[in-house]
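# Coordinate inspection notes
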Amino acid sequence: MLRIFINPGHDMDLDPGACANNLREVDIALGIGQEVKNIMEGIGYPCQIIQSDNLNGETPSKPNVCATANNSSADIFVSIHCNSVANSSAKGTETLVYALDGGKSNILAKCIQAQIVNSLNMVDRGVKARPDLCVLRETSMPAVLVETAFISNEEDAYKLMYRIEEFANAISRGITDAEKLF
């Protein structure tokens, strides 16, 4: 069984993330993250969840997400976010990895991406490399950052508001699909 570290994006106190369509990214990411934890633990996967923007220990009162994950004995790291751009017509799901190298992070990203796209009929924006993101660069286990949908797009925002459990189920199925391929 994989040990899973779940990082719902942003922080209730420090940074709510993207805000649009009467939604806050921090709330949506936490809702999906908690549901992924419930699903995965329900089928026997040990999980740890931390929502914090304190990625490298800049805020002493908050847990350092990357260090905590690295010390957790987790096998994979899944960060959950909502996308946003000024152009409200942008929509869809994308999953980010440190590098497009075909490794376990890429396998995990492709499996999660496929499940979300197919389960929620999302626009497929693909798997993309983002070596600049701390949670992908500073974690010692295979790591992905899931941009579930565009909070700035009305159609995607509706799905984020009313289909949190479906996003969580898709992410969970993506994790179990990837485990079979590792």
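Residues numbered from 1 in each chain as written. Predicted model: local features only at pLDDT ≥ 70, side-chain atom pairs only at ≥ 80, totals over all residues. Heavy atoms only, no water.

### Notes on the overall build of the chain
- Scanning the chain from N- to C-terminus turns up six helices and eight strands.
- Listed N to C, the secondary structure of the chain is β-β-β-α-β-α-β-β-α-β-α-β-α-α in terms of helices and strands.
- Over its C-alpha trace the chain gives a radius of gyration of 15 Å, about what one expects of a compact globule, namely 16 Å for 182 residues.
- Taken along the three principal axes of its C-alpha coordinates, the chain extends 40 × 40 × 30 Å.
- Put simply, 77% of the contacts in the chain that link residues at least 6 apart link residues at least 24 apart. (Helix = DSSP H or I, 4+ residues; strand = E, 2+ residues; numbered from the N terminus. Rg over C-alpha atoms; globule rule 2.2 N^0.38 Å. Contact = heavy atoms within 4.5 Å.)

### Digging into the sheet that holds strand β8 (residues 143-150)
- One open sheet accounts for six strands, arranged β4-β1-β5-β8-β6-β7; its pairing is mixed. The open sheet has two edge strands, β4 (47-49) and β7 (124-129), and neither has a second partner. The sheet shows a mean angle of 20 degrees between the axes of neighbouring strands, taken without regard to direction.
- Across three bridges, strand β6 (residues 93-97) lies against β8 in antiparallel orientation. Residue pairing in the sheet places Leu96 in a bridge with Leu145 of β8.
- Docked against the sheet, helix α3 (residues 104-120) engages β5 (76-83), β6, β7 and β8, running at close to 170 degrees with respect to β6. (Pairing = 2+ DSSP bridges. Axes fitted to C-alpha atoms, helices over the stretch in contact; angles between N-to-C directions.)

### Re helix α5 (residues 154-162)
- Restricting attention to buried positions, one finds in α5 the residues Asp156, Ala157, Lys159 and Leu160. Angularly, the buried residues of α5 cover 160 degrees about the axis, an arc narrow enough to put them on a single face. With respect to the buried face of α5, the exposed residues turned more than 90 degrees away are Glu154, Tyr158 and Tyr162.
- Along its buried surface, α5 packs onto β3 (23-24), α1 (25-42), β5, α3, β8 and α6 (164-181).
- For α5, the N-terminal cap is Asn153; the gap from its side-chain oxygen to the backbone nitrogen of Glu155 is 2.9 Å. (Buried < 20%, exposed > 50% of the residue type's maximum accessible area, 1.4 Å probe, protein only. Arc of directions from axis to C-beta. Polar contact = N/O pair within 3.5 Å; in protein donor to acceptor, adjacent residues only side chain to side chain.)

### Notes on the environment of Val78
- Here Val78 is to be found in strand β5.
- Between the alpha carbons of Val78 and Ala157 there is a distance of 21 Å; along the sequence they are 79 residues apart.
- Once residues within four sequence positions are removed from consideration, Val78 is found in contact with Phe5, Ile6, Asn7, Leu108, Val144, Val146, Ile171 and Ile175.

### A look at the side chain of Asp11
- Residue placement: Asp11 occurs in the loop between β1 (4-8) and β2 (19-20).
- The class for Asp11 is buried, based on a relative accessible area of 2%.
- Looking at Asp11, its side chain comes within polar contact range of the side chain of Lys62, at 3.3 Å.
- Not counting the four nearest positions on each side in its chain, Asp11 is found in contact with Pro16, Val26, Gln51, Ser52, Asp53 and Lys62.

### Quick look at the side chain of Ser172
- Position of Ser172 among the secondary structure elements: in helix α6.
- In this view, Ser172 contacts Val36, Ile39 and Met40; residues no more than four positions away in its chain are not counted.

### Comments concerning α6
- Its 18 residues give α6 an end-to-end C-alpha distance of 26 Å, which sits within 8% of 26 Å, the value for a rise of 1.5 Å per residue.
- Looking at α6, one finds that the buried residues are Phe167, Ala168, Ala170, Ile171, Ser172, Gly174, Ile175, Thr176 and Ala178.
- The elements touched by buried residues of α6 are β1, α1, β5, α3, β8 and α5. (Expected span 1.5 Å × (residues − 1).)

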